Amino acid sequence: MTQKPTNPWTTRRAFLKAGGVSLVTLGLGSAGGPEFLRRAAWASPGPTGSGRRRVLVTIFQRGAMDGLMAVPPIGKSLLGDLRPRLAMSAARAAGDQGALDLGVGFGLHPALEALLPAWRDGQLGIVHAVGSPDPTRSHFDAQDYMETGTPGRKGTPSGWLNRAVGELGHEGSPFRALSMTSALPRSLYGPEPALAVSRLEDLRLQSPGAAAGASGKGFEALYEETSLELLHDAGVETFEALEMLSKVGGADREPASSRGRYPRSPLGQSLRQIAHLIRSDVGLEVAFAESGGWDTHVRQGTANGSFANSARDLGGSIAAFWEDLGSLRDEVVVLTMTEFGRTVAENGSGGTDHGHGSCLLVLGNRVDGAKVHGQFPGLDREALYEGRDLAVTTDFRSVFSEVAGRHLGIDDTASLFPGWSGRSISLFKPAKS
């Protein structure tokens, strides 16, 4: 007779691996999230002085964000000549229609104004001309390469965030690696358990082989009906663990208005729930969220338009999340990423096409903020990649490895990024002696 494991989450790990099953949710009321999460965690003490684990929150901007519109060079720049309809002036006369002068030779798109307080407080840093050394302009390939951390190499079985969780080596909490998406992102594929959760209440089980008609059924019905050995072998411990997550009542009743003013968008609500998990101290270490609408081929707009809509949502969501964290900001870093940038010149449809270099944001109390990091190559024709795109001067792995090392304490970059021998870019303030 097989001996039952003593920890129910040990069995649960076996069928929550990438490609197995994922937890999704069907609805979330006005409450911020379920109180049972604290009781559900089997978290070990964290590495920070407060006893909590440090948390990395990543936001993937899918569609390829135009870094030159988000953070344009100002002053003597060729951008106005290359983008007669799209370039934004930082001159005072431009008013609300102009870029916000950051005082370091770059501006900030006005739709990202919500991030200015973090910039002024020295908590927000920007890395410009960052991206992949691989030349692909395919969304699918570029996203895959960035999420696996292996540019130009297809078939990498695990994502860099999953490998990061493995390097941290903390067992116990089922919430240590979490994606606020309906399906597990490539970043979290791999041997370490990771959850894909669209909402935090009304959890049910979604099996990869379940018929469409079963999608509305709860865990118990699926458990009884499935022929997957994976679920039958999971054991009573797993069933009881999921039942506990599904049925234990209670929710955070604190008004959302007092926890930060989140946009009612998928990104805003994802970050709201991540903030609740961090406050609940359930052992979360790596969180993933997505932002869409960045593929701006047509009518990109300036202060208004498709880019501005996505930027306003991104800035507002991050700002609300940062406000929500309050005293917990010391333990959290937010990192944004996008697969590539856009062409330097606008196209005939008032938009921009697939390019190369872009920019990303790093937010945290220990970040060396109020700076644009990296080497900006300029927009002279001879400096452009293939004569049309912002060149990549900072490999995205230089940023990811710096964040993993300085924030999470992972120094083994060879394990995080196989085959890469580059160096991290300095993005954090010197440690206090």
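Residues numbered from 1 in each chain as written. Predicted model: local features only at pLDDT ≥ 70, side-chain atom pairs only at ≥ 80, totals over all residues. Heavy atoms only, no water.

What follows concerns the overall build of the protein chain. A tally of helices and strands in the protein chain yields 14 helices and 13 strands. Here the protein chain holds 433 residues, and the buried ones make up 58% of them. With an accessible surface of roughly 17,800 Å², the protein chain has 50% of that area assigned to carbon and sulfur atoms. (Helix = DSSP H or I, 4+ residues; strand = E, 2+ residues; numbered from the N terminus. Buried < 20%, exposed > 50% of the residue type's maximum accessible area, 1.4 Å probe, protein only. Areas by Shrake-Rupley, 256 points an atom, 1.4 Å probe, with all protein chains shown as cover.)

Right, let's get into the packing of aromatic side chains. Inspection of every chain in the model, using the stated rule, returns 6 aromatic pairs. Ring centres 4.6 Å apart and planes at 15° place the aromatic pair Trp160 and Phe400 in the stacked group. Highlighted residues: Trp160 in helix H7 (residues 160-168) and Phe400 in helix H13 (residues 396-406), separated in sequence by 240 residues. Phe400 shares its class with Trp160; the two are buried. (Phe/Tyr/Trp six-rings, centres within 6.5 Å; stacked < 30°, edge-to-face > 60°.)

This next bit is on the environment of Arg366. Within the secondary structure layout, Arg366 lies in the loop between strand E11 (358-363) and strand E12 (372-373). As for Arg366 and Phe428, which are separated by 62 residues in sequence, their C-alpha atoms are 5.8 Å apart. Those residues within four positions of Arg366 in sequence are excluded, and the remaining contacts are Arg54, Arg406, His407, Phe428 and Lys429. Within the structure, Arg366 has its side chain in polar contact with the backbone oxygen of Arg406 (distance 2.9 Å). (Contact = heavy atoms within 4.5 Å. Polar contact = N/O pair within 3.5 Å; in protein donor to acceptor, adjacent residues only side chain to side chain.)

What follows deals with the packing of helix H11 (residues 266-280) against helix H12 (residues 306-325). In a pair of packed helices, the angle between the axes and the distance between the axes together describe the arrangement. Direction vectors running N to C along H11 and H12 enclose 15°, while the axes themselves pass 9 Å from each other. With respect to each other, H11 and H12 are oriented roughly parallel. The handedness of the crossing between H11 and H12 is right-handed. Taking contact as the criterion, the partners of Leu267, Gly268, Leu271, Ile274, Ala275, Ile278 and Arg279 in H11 are, on H12, Asp313, Leu314, Ser317, Ile318, Phe321, Asp324 and Leu325. Across the contact of H11 with H12, the residue classes break down as 9 nonpolar, 2 polar and 3 charged. (Axes fitted to C-alpha atoms, helices over the stretch in contact; angles between N-to-C directions. Parallel < 35°, antiparallel > 145°, perpendicular 65-115°, else oblique. Left-handed = near helix turned anticlockwise from the far one by under 90°. Nonpolar A, V, L, I, M, F, W, Y, C, P; charged D, E, K, R; others polar.)

Turning our attention to the pairing of strand E2 (residues 55-61). Along any regular strand the residues' side chains alternate between the sheet's two faces. Within E2, 7 of the 7 residues are buried, leaving the element largely enclosed by the surrounding structure. Residues Val55, Val57, Ile59 and Gln61 line one face of E2 and the alternating positions Leu56, Thr58 and Phe60 line the opposite face, and both faces are buried. Inspection of the sheet shows E2 paired to strand E10 (residues 332-337) by 6 bridges, in the parallel sense. Its bridge partner lying in E10, Val55 is registered against Val332. Sheet topology note: the E2/strand E9 (residues 286-291) ladder contains 6 bridges and is parallel. (Pairing = 2+ DSSP bridges.)

This part is about the pattern of salt bridges. A complete count under the given rule lists 16 salt bridges for this structure. For the salt bridge of Arg85 with Glu346, the shortest nitrogen-to-oxygen distance reads 2.6 Å. With Arg85 in the loop between helix H4 (79-82) and strand E3 (100-101) and Glu346 in the loop between E10 and E11, the pair connects residues that are 261 residues apart, well separated along the chain. Under the relative-accessibility criterion, Arg85 is labelled partly exposed at 48%. Between Lys154 and Asp141 there is a salt bridge whose closest N-O contact spans 3.5 Å. Of this pair, Lys154 sits in the loop between helix H6 (139-148) and H7 while Asp141 sits in helix H6, and the two are 13 residues apart along the sequence. (Salt bridge = Lys/Arg side-chain N within 4 Å of Asp/Glu carboxyl O.)

Within the secondary structure layout, Gly341 lies in the loop between E10 and E11. Judged by relative accessible area, Gly341 falls into the buried class, the value being 0%. With 276 residues separating them in the primary sequence, Gly341 and Met65 have C-alpha atoms 5.5 Å apart.

This brings us to the confidence of the model for the protein chain. When pLDDT is averaged along the protein chain, the result is 80; 73% of the residues meet or exceed 70. Confidence over residues 1-47 falls short of pLDDT 50; this stretch has 155 contacts with residues more than four positions distant or in other chains. Counting contacts from residues 202-258, a segment whose pLDDT is below 50, to residues more than four positions away or on other chains yields 104 contacts. (pLDDT = per-residue confidence, 0-100.)

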